[in-house]
Amino acid sequence: MTDREPDYRPEAARSPLPAAVVVVVLLLAAFFGWRWWQQQQTSVPAVSPVAGRPAPDDRPEPAAPEAAAGPQNPVDAIADADADLPALADADAKVREAVAALLGARVVADFLQVDGFVRRAVATVDNLPRAHAAPALWPVRPTAGRIALDGDGDLRTIASGNSARYTAFVRVAESVDAAAGARVYARLYPLFQQAYEELGYPGQYFNDRLIAVLDHLLAAPVRDEPLAIRVVEVRGEVPSEQPWVRYEYADPRLESLSAGHKLMLRMGPENARKLKDVLRAWRSQVATAVPRS
């Protein structure tokens with residue numbers, strides 16, 4: 001999931017990776033994506049964030065709000081939008097500056113793809129509740145590392161120490177001030193809204209979609225027991241001395257989960273619980289609707 005290209009790679013090849021509420025969700029998704037998940041995406045063509053989104057599958061997902069309903073969680077309740085925002089196509093420098101002020105220039109340089117960042121962010125958030133979130137659209141850079149497995153043969157388990165690969169990101173996510181991040185997001189919000197409408201949701205409100213996706217991630221299962229992984233050899237027309245492989249959850253119920261739920265599972269139970277606390281804090285900042293009595 002974190003390689004540069006969304007296709008199968010030899011098992012020994014280099015591998016995965018790790019922002020505003022949107023940035024945290026994206027870093028979560030990106031940092032905890034694994035090469036084996038990415039390999040499963042090769043049958044799904046990458047879709048341009050401008051051209052549209054992949055067709056939804058049959059599993060339930062947060063529905064986009066009805067256009068006629070209007071915004072349920074208006075972002076202007078958080079902060080006023082920046083009056084000097086550039087056009088979306090020219091916004092990379094402005095976005096980079098704002099995100100770097102929030103997260104630090106080092107985090108931006110190490111983890112983010114700032115070219116077309118807003119469009120990438122919107123497309124990724126929208127796809128997390130679906131079966132696939134195309135890596136070609138992610139607003140992140142690849143990172144080193146590979147999934148650690150115990151056992152041999154076709155059926156293995158995720159090694160207990162594998163979650164340690166993600167501890168640094170968890171600490172970064174916990175260090176971000178949710179209220180400050182929400183204000184940055186609100187100031188940049190017209191860019192996110194435009195990108196969302198371009199994606200195929202004219203008249204609908206991106207912040208409502210974001211909250212629905214946050215709720216989806218918070219509902220992800222947390223599993224304390226070792227997760228069984230099936231290693232599947234991928235045979236092509238040309239024989240290879242080092243066969244290509246992909247990794248799948250052995251439990252079909254887990255394998256059928258959304259991309260976002262799989263991401264939450266892979267970080268390990270302790271990291272997942274900590275990051276759910278982070279996501280709850282972010283949700284409390286961007287959900288501006290008055291609760292119904």
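## Quick look at the overall build of the protein
- Secondary structure summary: the protein contains 11 helices and four strands in total.
- Burial status across the protein gives 50% buried among its 293 residues.
- Of the roughly 13300 Å² of accessible surface on the protein, 50% is carried by carbon and sulfur atoms.

## Topic: the pairing of strand β3 (residues 228–234)
- The sheet contact formed by strand β2 (residues 155–158) and β3 spans three bridges and is antiparallel. The residue bridging T157 from the neighbouring strand is A228, located in β3.
- Summarising the sheet, β3 and strand β4 (residues 244–249) pair through six bridges and their orientation is antiparallel. Residue pairing for β4: I229 is matched across the bridge by Y249.

## Quick look at the side chain of N207
- As for its placement among the helices and strands, N207 is situated in helix α8 (residues 206–218).
- By relative accessible area, N207 is classed as buried at 0%.
- For N207, the side chain forms a polar contact with the main-chain oxygen of V286, separated by 3.0 Å.

## Side note on the pairing of β2
- The pairing of strand β1 (residues 149–150) with β2 spans two bridges and is classified as antiparallel. In the sheet register, L149 faces β2, and the bridge partner there is I158.
- The antiparallel pairing of β1 with β2 creates a hairpin that spans four residues between the two strands, and G151 there sits at a positive phi of about 100 degrees.

## Quick notes on the nonpolar core
- If you look at the biggest cluster of nonpolar residues, it comprises 61 residues, and the most contacted ones within it are F192 and F206.
- Those elements that provide at least two residues to this core are α3 (92–103), α4 (105–111), α5 (117–127), α6 (167–175), α7 (178–198), α8, α10 (259–266) and α11 (269–286).
- Tallying contributions element by element places α7 first for this core, with 11 residues.
- Residues L227, V245, Y249 and L254 belong to the second largest nonpolar core, which totals 12 residues.

## Considerations on the pattern of salt bridges
- This model, assessed by the stated rule, comprises 13 salt bridges.
- Here E255 and K262 are joined by a salt bridge, their closest N and O atoms 3.3 Å apart. Both residues of the pair, E255 and K262, count as buried.
- Across the pair K274 and E270 runs a salt bridge whose closest N-O atoms are separated by 3.4 Å. Remark: E270 and K274 occur in helix α11; sequence separation between them is four residues, near one turn of the helix.
- Looking at K274, the relative accessible area reads 32%, which means it is partly exposed.
- Connected through shared salt-bridge partners, D126, R130 and R209 make up one network.

## Side note on the packing of α5 against α7
- Where α5 meets α7, the axes come as close as 9 Å, and the angle between the chain directions of the two elements is 60 degrees. With respect to each other, α5 and α7 are oriented oblique. Judged by the twist between their axes, the crossing of α5 over α7 is right-handed. Between α5 and α7, the contacting residues are V118, R119, A121, V122 and D126 on the first element and L191, F192, A195, Y196 and E198 on the second.
- Looking at the contact of α5 with α7, its residues break down into seven nonpolar, no polar and three charged.

## Things to note about the environment of P226
- For P226, the position within the fold is in the loop between α8 and β3.
- The class of P226 is exposed, set by a relative accessible area of 61%.
- It is 7.3 Å that separates the C-alpha atoms of P226 and S160, two residues lying 66 residues apart in sequence.

## Thoughts on the packing of aromatic side chains
- Taken as a whole and judged by the stated rule, the model has six aromatic pairs.
- Ring pairing ties together the aromatic residues Y185, Y189, F192, Y196, Y201, Y205 and F206, which thus form one cluster.

## Quick word on α8
- Here α8 is 13 residues long and its end C-alpha atoms lie 18 Å apart, about the 18 Å a rise of 1.5 Å per residue gives.
- Burial in α8 covers these residues: F206, N207, D208, R209, L210, I211, A212, V213, L214, H216, L217 and L218.

## Quick look at the confidence of the model for the protein
- Per-residue pLDDT for the protein has a mean of 77; in total, 69% of the residues score no lower than 70.
- The low-confidence segment residues 1–20, where pLDDT is below 50, has 101 contacts with residues more than four positions distant or belonging to other chains.
- Residue range residues 26–60 is modelled with pLDDT below 50. Its contacts to residues more than four positions away, or to other chains, number 137 contacts.

Rules and cut-offs
- Residues numbered from 1 in each chain as written.
- Predicted model: local features only at pLDDT ≥ 70, side-chain atom pairs only at ≥ 80, totals over all residues.
- Heavy atoms only, no water.
- Helix = DSSP H or I, 4+ residues; strand = E, 2+ residues; numbered from the N terminus.
- Buried < 20%, exposed > 50% of the residue type's maximum accessible area, 1.4 Å probe, protein only.
- Areas by Shrake-Rupley, 256 points an atom, 1.4 Å probe, with all protein chains shown as cover.
- Pairing = 2+ DSSP bridges.
- Polar contact = N/O pair within 3.5 Å; in protein donor to acceptor, adjacent residues only side chain to side chain.
- Core = buried A, V, L, I, M, F, W, Y, C linked by side-chain atoms within 4.5 Å.
- Salt bridge = Lys/Arg side-chain N within 4 Å of Asp/Glu carboxyl O.
- Axes fitted to C-alpha atoms, helices over the stretch in contact; angles between N-to-C directions.
- Parallel < 35°, antiparallel > 145°, perpendicular 65-115°, else oblique.
- Left-handed = near helix turned anticlockwise from the far one by under 90°.
- Contact = heavy atoms within 4.5 Å.
- Nonpolar A, V, L, I, M, F, W, Y, C, P; charged D, E, K, R; others polar.
- Phe/Tyr/Trp six-rings, centres within 6.5 Å; stacked < 30°, edge-to-face > 60°.
- Expected span 1.5 Å × (residues − 1).
- pLDDT = per-residue confidence, 0-100.

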